[in-house]
Amino acid sequence: MLIADEKTVKTPVLADNPYQPHLARIVRIFKMVPDNHLFTLRFEDQWTAERFKHRPGQFMMLSVPGAGEAPISISSSPTRPGVLELCVRRVGRVTDALYRMQTNDVVGLRGPYGNGFPIETLIGNDLLIVAGGLGMAPLRSLVWWALDHRDKFKKITLMYGAKNPAEMLYRDELVSLADRSDMQCLLIVDRDPTGQWKHHVGLLPTLFDHADINPATTYAAVCGPPVVYKYILQRLLALNFSKDRILMSLERRMKCGVGKCSHCSVGYKYTCIHGPIFTYWDAINLPELV
Amino acid sequence: MKIVKIPKKKLDLFASILRQHWEIHAPVEQNGRYAFKPLTHWSEARLHYNRTILPPKKYFMPPRETMFHYREGKGYVPAQEELDQRLILFGVHPCDIYAINILDEVFGGKYNDPYFQTRRKNIGIIGVDCTPDEHCFCRSMRADTVEKGFDLFFTDLGEEYMTLVGTSLGDDMVLMAAPLFEPITAADIQKYKQVSSEKRQAFSLDVEIHDLPEIFELEYKSEIWDELGDQCLSCGSCSMVCPTCYCYDVADTVELGSKAGDRVRTWDSCLFHTHALVAGGENFREKRSSRIKNRFYHKQRGMVAEYGRPSCVGCGRCIVGCPVHIDIVQVINRLRGEDHANRG
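Residues numbered from 1 in each chain as written. Chains lettered and ligands numbered in written order. Predicted model: local features only at pLDDT ≥ 70, side-chain atom pairs only at ≥ 80, totals over all residues. Heavy atoms only, no water.

Colleague: Break down the side chain of Ser234(B) for me, citing the residues and quoting the values.
Modeller: All names here are of chain B. You can see Ser 234 is positioned in the loop between helix H8 (224-231) and helix H9 (237-241). Relative accessible area serves as the criterion here: at 15%, Ser 234 is assigned to the buried category. A distance of 3.1 Å separates the side chain of Ser 234 from the backbone oxygen of Leu 271, its partner in a polar contact. In this structure Ser 234 touches Leu 271, Phe 272, Arg 288 and Arg 291, once residues within four positions along its chain are discounted. (Helix = DSSP H or I, 4+ residues; strand = E, 2+ residues; numbered from the N terminus. Buried < 20%, exposed > 50% of the residue type's maximum accessible area, 1.4 Å probe, protein only. Polar contact = N/O pair within 3.5 Å; in protein donor to acceptor, adjacent residues only side chain to side chain. Contact = heavy atoms within 4.5 Å.)

Following this line, the structure appears as structure tokens:
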């Protein structure tokens, strides 16, 4: 009887499996900051490497064979395709295993996941990017996307603060941006033990004293540790920013990245599919979000 | 919908015909409680039961499931050895079918979970009507009847089971055993209405879910959550027995002395301390009260926002299974300020 045979689905689940990691080769390891290395990866499969597309603010699920999988935000801009750059902090089981790997070793990648920045909405506005510490990692993608589409934005302002020059992510790259006349790049460190630092010294929020921000025409993208959110949000709200013009990139524990495993739930949203970019309005309405 | 009936005394014959094509799993008694198990004899099946210890979700998302095999040089190869198993679950209650329908939404959508979906397609479901006990509140959760999610659905009319044919596959099952089935009569329809009315009156628990999302927002800071946090053991029993709890954890295992390994997912619970713990030590739900609140909030409030209804189906398993007697009906009624209701 044929009916019972039709019941069994024999199609391999391989065909369309959102959990399938694709092999990618580590092509460069840049020891940017101790325990914060920049890994440049390229998909082994040429076809996958060429057709991979992402939005600034999205993340990947990175697999290290035997160690597991972890969500890592994409640091490179979609305007610079071919390879993916992930700024990885050595902090847990998976990242620790990654740090034991070398150039030319193979890892697994799947994604991109998450909503990413609403770039269609941002276009035509002023852009204010505020990062504290490791918060630069997910925002760097947006910085380069905006600079590579410079004509699509009015004013671009970047504020970035780190503890000291040695802990500043992308330091040389950002220092060179400070020379650009078509944007304002404000860099600050809490302390300068080197005495060589030519930019600002002090706390991140004080950079607002050096910038002229019009809240009516600006979208602000913010990422950093909780203390950064606290003081930067105060500044932005004092400037009368509307709450949906403030965008925040968040992190949570994630196992699936595709809205199933529930580890990243906040209130009634999942960080992985509804985020990781949330507006401040979302944050107020989602308990536990910040 | 095609509706027929089958005399009860012919059920074993029907089962033996089905067994030519499928392995049949049904509720089997186990120390006074029930569990879905493979049948060796039809006589082991209990179609009159209150609830199984574990819900049928164990067939669609097994407690431990290998997702990939990692092999050096080959990468991550999907594990599909067990996905072809063909089964019929015989005797699934409406609330549990409703729960599977909810899981369909969760494991479907933009990112289809191929493991769940393949099992779902390979497992037939024959539903059976039931009589509520003192822990059932499926009627309050609008899950006391289902109109989809089953291949066949049986309602006990005394001497016969009225049989709703829900899918083309269900129709095939009926056609395979065509001589056993009969057309229904006007008297059967009357009898069905009587059974339906009796069932309605048998419920002793009731909760109002109409404006529950608003109530949850208003009571977000209620001291009830701290009380529950003090009471809860974080054991996760409620999540394991819940037919719609779908949290899972993923871990890689390595074979000793080699670079090969497996990626395995296992049932998880949002009540476990590590559920929201990220690398580096930050725990977004450190307190037990915030974890139990999250569980209630996600089920009764979050799912409404995402899928249009709470994911609780009122099966009563968490009430029965909680070692410290946390009772979801009581919690909701207390949040509503109606804690005098229902408890006798």
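Read on, since the account is not over.
Colleague: Before we move on, could you go through unusual backbone geometry and cite the residues and values that matter?
Modeller: Residues and elements named next belong to chain A. Put simply, Gly 111 and Pro 112 share a cis peptide bond, and its omega is 0°. Residue Pro 276 is reached from Gly 275 by a cis peptide bond, and omega for that bond is 5°. Relative to the elements of secondary structure, Pro 276 occurs in the loop between strand S14 (269-270) and strand S15 (277-279). Unusually for a residue other than glycine, Asn 240 sits at a positive phi of about 70°. Its location among the elements puts Asn 240 in the loop between helix H7 (226-238) and strand S12 (246-249).

Colleague: Which residues make up the sheet that holds strand S8 (residues 156-162) of chain A, and what values do they have?
Modeller: All names here are of chain A. Taken in spatial order, the seven strands line up as S10-S9-S8-S7-S11-S12-S15 in an open sheet, and their pairing is mixed. With partners counted over all chains shown, the strands left at the sheet margins are strand S10 (200-201) and S15, one partner each. As paired elements, strand S9 (residues 184-189) and S10 share two bridges and run parallel to each other. Among the inter-strand pairings, Ile 188 is bridged to a residue of S10, identified as His 200. Of the strands in this sheet, strand S7 (126-132), S8, strand S11 (218-223) and S12 touch helix H5 (residues 136-148), which is tilted by about 155° from S7. The sheet strands contacting H7 are S7, S11 and S12, and the helix crosses S11 at an angle near 165°. (Pairing = 2+ DSSP bridges. Axes fitted to C-alpha atoms, helices over the stretch in contact; angles between N-to-C directions.)

Colleague: An account of helix H6 (residues 186-201) of chain B is requested, with residue identities and associated values reported.
Modeller: Residue and element names in this part refer to chain B. The terminal C-alpha atoms of H6, which comprises 16 residues, lie 23 Å apart, in line with the 22 Å expected from a rise of 1.5 Å per residue. Listed as buried for H6 are Asp 188, Val 195 and Lys 199. All buried residues of H6 project into a common sector of 35° when viewed along the axis, lining one side. Turned more than 90 degrees from where H6 packs its buried face, Ala 186, Ala 187, Gln 190 and Gln 201 sit exposed. As for H6, its buried residues are in contact with strand S1 (2-7), helix H3 (94-106), strand S8 (152-156), strand S9 (160-165) and strand S10 (182-183). (Expected span 1.5 Å × (residues − 1). Arc of directions from axis to C-beta.)

Colleague: Could you give an account of the sheet that holds strand S2 (residues 23-30) of chain B, with specific residues and numbers?
Modeller: Residue and element names in this part refer to chain B. Pairing within the open sheet is mixed, and its eight strands lie in the order S3-S2-S6-S7-S8-S9-S1-S10. Strands with a single pairing partner mark the edges of an open sheet, and in this sheet they are strand S3 (33-38) and S10. Bridging between strand S7 (residues 123-128) and S8 involves three bridges; their strand directions are parallel. Bridge pairing links Gly 127 to Phe 153 in S8. Packing against the sheet, helix H1 (residues 11-18) makes contact with S1, S2, strand S6 (87-92), S7, S8 and S9, and its axis sits at approximately 155° to S6.

Colleague: Describe the environment of Glu198(B), with residues and values.
Modeller: With respect to the element layout, Glu198(B) can be found in helix H6. Residues Glu198(B) and Thr131(B), spaced 67 residues apart in sequence, show a C-alpha to C-alpha distance of 8.8 Å.

Colleague: Explain the environment of Val278(B) residue by residue, including any values.
Modeller: In this structure, Val278(B) sits in the loop between strand S12 (261-267) and helix H10 (288-307). Residue classification places Val278(B) among the buried positions, given a relative accessible area of 9%. Sequence-distant contacts of Val278(B), defined by excluding residues within four places in its chain, comprise Glu251(A), Arg252(A), Arg253(A) and Phe284(B).

Colleague: Describe the domain arrangement of chain A, with residues and values.
Modeller: As a measure of interface size, the accessible area lost when the parts come together is often cited. Residue and element names in this part refer to chain A. Per the domain assignment, the segments of chain A are domain 1 (13-113) and domain 2 (119-249). Tallying the contact residues gives 20 residues for domain 1 and 17 residues for domain 2. Both faces combined, the contact of domain 1 with domain 2 buries some 1500 Å², and carbon together with sulfur accounts for 57% of it. If you look at where domain 1 meets domain 2, you find three salt bridges. (Domains from an automatic or database assignment. Buried area = accessible area lost by both parts, 1.4 Å probe. Salt bridge = Lys/Arg side-chain N within 4 Å of Asp/Glu carboxyl O.)

Colleague: Tell me about helix H12 (residues 328-335) of chain B, and name the residues and values.
Modeller: Residues and elements named next belong to chain B. The element H12 is extensively covered by neighbouring structure, given that six of its eight residues are classed as buried. Listed in full, the buried residues belonging to H12 are Ile 328, Val 329, Val 331, Ile 332, Asn 333 and Leu 335. On its buried side, H12 packs onto helix H7 (212-218), H8, H10 and helix H11 (317-321). Where H12 ends, the next residue or the one after it, Gly 337, has phi of about 75°, a positive value.

Colleague: How would you summarise the packing of H8(B) against H10(B) if you had to cite specific residues and measurements?
Modeller: Residues and elements named next belong to chain B. Close contact between H8 and H10 brings their axes to 8 Å; oriented N to C, the two are set at 110°. The angle between H8 and H10 falls in the class roughly perpendicular. Crossing of H8 against H10: the hand is right-handed. Facing Trp 225, Asp 226, Leu 228, Gly 229 and Asp 230 of H8, the residues of H10 in contact are Arg 288, Ser 289, Ile 292, Lys 293 and Phe 296. Residues of the contact of H8 with H10, tallied by class, amount to four nonpolar, two polar and four charged. (Parallel < 35°, antiparallel > 145°, perpendicular 65-115°, else oblique. Left-handed = near helix turned anticlockwise from the far one by under 90°. Nonpolar A, V, L, I, M, F, W, Y, C, P; charged D, E, K, R; others polar.)

Colleague: Tell me about the pattern of salt bridges, and name the residues and values.
Modeller: Across all of its chains, the model carries 33 salt bridges over all chains by this definition. Measuring nitrogen to oxygen at the nearest pair gives 2.7 Å for the salt bridge that ties Glu44(A) to Arg25(A). Highlighted residues: Glu44(A) in the loop between strand S2 (36-43) and helix H2 (46-51) and Arg25(A) in strand S1 (residues 22-33), separated in sequence by 19 residues. Notably, a salt bridge pairs Glu65(B) with Arg119(B), separated by 2.8 Å at the nearest N-O pair. Here Glu65(B), found in strand S4 (residues 64-71), pairs with Arg119(B), found in helix H4 (residues 114-122); they are 54 residues apart in sequence, far enough to count as distant.

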